[in-house]
Amino acid sequence: MACLCIWLLALLAVGCDALSAGGVLPIGAVRAGAVTRVESYGCFVRLDDCGATGLVHMSELAPSDVVAVGQPVLVKVLAPREADKNSFSLKAVDQRTGAAVAPPPLQRTAKTTAKVTLDACTVKYIRASGAGGQNVNKLSTKAELRFDVDRSSLPPAFKTQLRATHAARLTKAGELIVVSEAHRSQRLNAADALKRLQGFVDAAAEAATPRATAPDRARRVKNLARSSERKRRDGKKKLSAKKASRRRPIGDD
């Protein structure tokens, strides 16, 4: 009896809202309907108040949602994915109360990196090229930093990514070379080269650290991986059967 009352209240609440001008469903409105078709990419729902039909894409289904043809549901009207086609969301509405459900926040991991200091590098100063007048011919202001990737305290994943990204900067001994001649001062050029090296390490750390994904996206990626593996196996079976059909029967002259 309580469930019936809730459904009646929901129908009254959503039934009073008329369609906007032009027969377009208002985005964000909650409507009651029933599932008419279930596909691998989602399900189709027909609304009770106006008879409009729309798609609930699999990304708009919660992991716990199990739908069947004829099942009554509450959906939220979304911006259409395609022109002249309605899009609904099932996970955005509490099916018991009809209240809107906020999407779960993405759980992102803290940014991981490693601090590089000048003590971990070998610094060499050489003659700089370019503008500077007689100062260029007298002083060695160009800074050359050599960072031994293999002997550093970086995590193994960071080292691998750093070697792969900056292979052209590595010597045969495994040293990463970073130079700077932007200033006329040894100290400023060394600081600039160290800043560039830190940027390389930060980029390698970000690329090597796996990113956290939303539960829905993780579920879709897992399903796509299973589908791809199934198609690969089916293709191998078909190819094997095709090759077997070409073989000459045993005892055939």
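Quick note: structure is the one above.
A quick note: this is a predicted structure, and the numbers were derived from the prediction, not measured.

## Comments concerning the pattern of salt bridges
At step 1: Enumeration over the complete set of coordinates arrives at nine salt bridges.
At step 2: The partner of aspartate 49 in a salt bridge is arginine 31, and the shortest N-O contact between them spans 3.0 Å. Note that aspartate 49 is positioned in the loop between β2 (42-47) and β3 (53-57) and arginine 31 in strand β1 (residues 30-39), a separation of 18 residues in sequence.
At step 3: The residue arginine 146 makes a salt bridge to glutamate 175 at a minimum N-O spacing of 3.2 Å.

## Some details on the sheet that holds strand β6 (residues 121-126)
At step 1: Across the sheet, which stays open at both edges, the three strands sit in the order β6-β7-β8 with antiparallel pairing between neighbours. At either end of the open sheet lies a strand with only one pairing partner, and these are β6 and β8 (175-180). Each strand axis lies, on average, 20 degrees off the axis of its neighbour in the sheet, ignoring direction.
At step 2: Bridging between β6 and strand β7 (residues 142-148) involves six bridges; their strand directions are antiparallel. From the neighbouring strand, isoleucine 126 faces β7, where its bridge partner is lysine 142.
At step 3: Strand contacts of helix α4 (residues 186-208): β6, β7 and β8, with the helix running at about 135 degrees to β8, the strand carrying the most contacts.

## Here's the deal with helix α3 (residues 156-165)
At step 1: Taken together, the buried positions of α3 are occupied by Phe158, Lys159 and Leu162. With its buried residues spanning 100 degrees around the axis, α3 presents them on a single face. Opposite the buried face of α3, by more than 90 degrees, sit the exposed residues Pro156 and Ala164.
At step 2: Its buried side turned inward, α3 meets β7, β8 and α4.

## Thoughts on the packing of α3 against α4
At step 1: Where α3 meets α4, the axes come as close as 8 Å, and the angle between the chain directions of the two elements is 115 degrees. Classed by the angle they form, the pair α3 and α4 counts as roughly perpendicular. Our pair here, α3 against α4, has a crossing hand that is right-handed. Judged by residue contacts, Ala157, Phe158, Gln161 and Leu162 of α3 engage Phe200, Val201, Ala204, Ala205, Ala207 and Ala208 from α4.

## Quick word on the sheet that holds β1
Paired through backbone hydrogen bonds, the strands of a sheet run either parallel or antiparallel to each other.
At step 1: Spatially, β1-β2-β3-β5-β4 is the arrangement adopted by the five strands of the closed barrel, whose pairing is mixed. Within this sheet the neighbouring strands show an average axis-to-axis angle of 50 degrees, counted without direction.
At step 2: Relative to strand β4 (residues 72-78), β1 runs antiparallel, the two being bridged by five bridges. In the strand pairing of β4, valine 30 is matched with lysine 76.

Conventions we followed
- Residues numbered from 1 in each chain as written.
- Predicted model: local features only at pLDDT ≥ 70, side-chain atom pairs only at ≥ 80, totals over all residues.
- Heavy atoms only, no water.
- Salt bridge = Lys/Arg side-chain N within 4 Å of Asp/Glu carboxyl O.
- Helix = DSSP H or I, 4+ residues; strand = E, 2+ residues; numbered from the N terminus.
- Pairing = 2+ DSSP bridges.
- Axes fitted to C-alpha atoms, helices over the stretch in contact; angles between N-to-C directions.
- Contact = heavy atoms within 4.5 Å.
- Buried < 20%, exposed > 50% of the residue type's maximum accessible area, 1.4 Å probe, protein only.
- Arc of directions from axis to C-beta.
- Parallel < 35°, antiparallel > 145°, perpendicular 65-115°, else oblique.
- Left-handed = near helix turned anticlockwise from the far one by under 90°.

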